[in-house]
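Listed below are the residues making up each chain.
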Amino acid sequence: MGTIMPSSDSASAPRNHDPWNKGRLLGQKRPLRPKDVWTIRVRLQLESRKRDLAMFNLAIDSKLRGCDLVRLQVNDVCVGGRVRDRAVVIQKKTGRPVQFEVTEQTRRSVQEWLDGRDVVNGGYLFPSRFTTRPHISTRQYARIVQKWVASAGLDSSAYGTHSMRRTKAAQIYKKTGNLRAIQLLLGHTKLESTARYLGIDVDDALSISEQVDL
């Protein structure tokens, strides 16, 4: 009696894997609240994590995508050994320049990170510890963000690298309602993209409009 071969259906049947999104929160990642920013910042200061503190403060101020943040070079934010008040970088995704402010506490944390380190203009601000990489990867940055979020007692599945990008933008919109200003700060080409990115809907727009009486 011959050997019975498995049918093509059974041979090719896929294994019963869990879906890739099981247990994950989909959709836009939440921006941090001011008290969350304060909590993370204080923890990094107390733990003397100079690199992470400089990275966190720059992430909030710059509103850059993760791929642009990790590629920052020393001379992007420093001139003559001093941290700039404002900086300009070319976005990897769009190829367009975007400007951002560097607040006093961010300047101080970046300066402390650079002090005592052998850095040169043209070098990366956040170099990788691996010799095969010139700077930390976006994946490594994402893991670092998860640690920041967890340290503040937040649900790490609800936050990500775009939380850093959205945090200050969300507060600016909340205080001013100036969508055009946020569009410029985020480097978006279309205003509609900014509205979608911030999760602005018709009710938000009407709430702002109701505050203006002509």
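Note: the structure precedes this text.
Residues numbered from 1 in each chain as written. Predicted model: local features only at pLDDT ≥ 70, side-chain atom pairs only at ≥ 80, totals over all residues. Heavy atoms only, no water.

Topic: the layout of surface pockets
Here is step 1 of the chain: Size it by volume and the largest pocket reaches roughly 260 Å³.
Here is step 2 of the chain: Looking at the largest pocket, it is lined by 14 residues, and the ones nearest its centre are Val-37, Ile-60, Thr-167, Lys-168 and Gln-171.
Here is step 3 of the chain: Sorting the residues of the lining of the largest pocket by element identifies helix H2 (34–46), helix H3 (50–62) and helix H8 (161–176) as the ones contributing at least two each.
Here is step 4 of the chain: Counting residues per element, the lining of the largest pocket draws most heavily on H8, which supplies five residues. (1 Å grid on protein atoms, 1.4 Å probe; cavity = no way out; pocket = protein on both sides within 12 Å on 5 of 7 lines; lining within 4 Å. Points joined across faces, edges and corners; volume = space filled by probe spheres on them. Helix = DSSP H or I, 4+ residues; strand = E, 2+ residues; numbered from the N terminus.)

Regarding the side chain of His-135
Here is step 1 of the chain: Mapped onto the fold, His-135 is located in the loop between helix H6 (104–114) and helix H7 (138–151).
Here is step 2 of the chain: Residue classification places His-135 among the buried positions, given a relative accessible area of 16%.
Here is step 3 of the chain: Ignoring anything within four residues of it in the chain, the contact list for His-135 reads Val-70, Arg-71, Tyr-124, Phe-126, Pro-127 and Ser-128. (Buried < 20%, exposed > 50% of the residue type's maximum accessible area, 1.4 Å probe, protein only. Contact = heavy atoms within 4.5 Å.)

Thoughts on the pairing of strand S4 (residues 97–101)
Here is step 1 of the chain: Along S4, the buried face is formed by Val-98 and Phe-100; none of Pro-97, Gln-99 and Glu-101, which line the opposite face, is buried.
Here is step 2 of the chain: Joining the antiparallel neighbours strand S3 (residues 86–90) and S4 is a turn of six residues, in which Gly-95 adopts a positive phi near 75°. (Pairing = 2+ DSSP bridges.)

Quick look at the pairing of S3
Here is step 1 of the chain: The side-chain alternation of S3 yields one buried face, formed by Ala-87 and Val-89, and one unburied face, formed by Arg-86, Val-88 and Ile-90.
Here is step 2 of the chain: With five bridges joining them, S3 and S4 adopt antiparallel strand pairing. Bridged to Arg-86 within S4 is Glu-101.

Some details on the pattern of salt bridges
Here is step 1 of the chain: Counting across every chain of the model gives 11 salt bridges.
Here is step 2 of the chain: For the salt bridge of Asp-52 with Arg-49, the shortest nitrogen-to-oxygen distance reads 2.9 Å.
Here is step 3 of the chain: In this structure Asp-52 comes out as buried when scored by relative accessible area, which is 7%.
Here is step 4 of the chain: Of the charged contacts in the structure, one is a salt bridge between Arg-82 and Asp-85, with a shortest N-O distance of 3.8 Å.
Here is step 5 of the chain: Taking the relative accessible area as the measure of exposure, Arg-82 reaches 46% and is therefore partly exposed.
Here is step 6 of the chain: Given the relative accessible area of 41%, Asp-85 is considered partly exposed. (Salt bridge = Lys/Arg side-chain N within 4 Å of Asp/Glu carboxyl O.)

Comments concerning H7
Here is step 1 of the chain: Helix length check: H7 (14 residues) gives 20 Å between terminal C-alpha atoms against 20 Å at 1.5 Å per residue, within 8%.
Here is step 2 of the chain: Among the residues of H7, those classed as buried are Gln-140, Tyr-141, Ile-144, Val-145, Trp-148 and Val-149.
Here is step 3 of the chain: Residues of H7 that are buried sit in contact with H2, H3, helix H4 (66–69) and H8.
Here is step 4 of the chain: Positive backbone phi, at 75°, marks Gly-153, one or two positions downstream of H7. (Expected span 1.5 Å × (residues − 1).)

Topic: unusual backbone geometry
Here is step 1 of the chain: With a phi close to 55°, Ser-48 is a non-glycine residue in the positive phi region.
Here is step 2 of the chain: Judged by its relative accessible area of 57%, Ser-48 is exposed.
Here is step 3 of the chain: Within the chain, Lys-63 stands out as a residue other than glycine whose phi angle is a positive 60°.
Here is step 4 of the chain: Tracing the sequence through the fold places Lys-63 in the loop between H3 and H4.

A few points about helix H10 (residues 191–198)
Because an α-helix packs 3.6 residues into every turn, residues spaced three or four apart end up facing the same way.
Here is step 1 of the chain: Every buried residue of H10 is listed here: Thr-194, Ala-195, Tyr-197 and Leu-198. When H10 is viewed along its axis, its buried side chains cluster within an angular range of 165° and face the same direction. Projecting away from the buried face of H10 at angles above 90 degrees are the exposed residues Glu-192 and Arg-196.
Here is step 2 of the chain: Looking at the residues trailing H10, positive phi occurs at Gly-199, about 70°. (Arc of directions from axis to C-beta.)

Observations concerning the packing of aromatic side chains
Here is step 1 of the chain: All chains considered together, the criterion is met by two aromatic pairs.
Here is step 2 of the chain: Summarising the aromatic geometry, the rings of Phe-56 and Trp-148 are spaced 5.2 Å apart at their centres and angled 85° between planes, so their arrangement reads as edge-to-face. You can see Phe-56 sitting in helix H3 and its partner Trp-148 sitting in helix H7, a full 92 residues away along the chain.
Here is step 3 of the chain: Ring pairs connect the aromatic residues Phe-56, Tyr-141 and Trp-148, which therefore count as one cluster.
Here is step 4 of the chain: Above the face of the Tyr-197 ring, Arg-165 is positioned so that its terminal group lies 5.4 Å from the ring centre.
Here is step 5 of the chain: The ring of Tyr-197 has Arg-166 lying over it, and the distance from NZ or CZ to the ring centre is 5.8 Å. (Phe/Tyr/Trp six-rings, centres within 6.5 Å; stacked < 30°, edge-to-face > 60°. Lys NZ or Arg CZ within 6 Å of the ring centre and 35° of its normal.)

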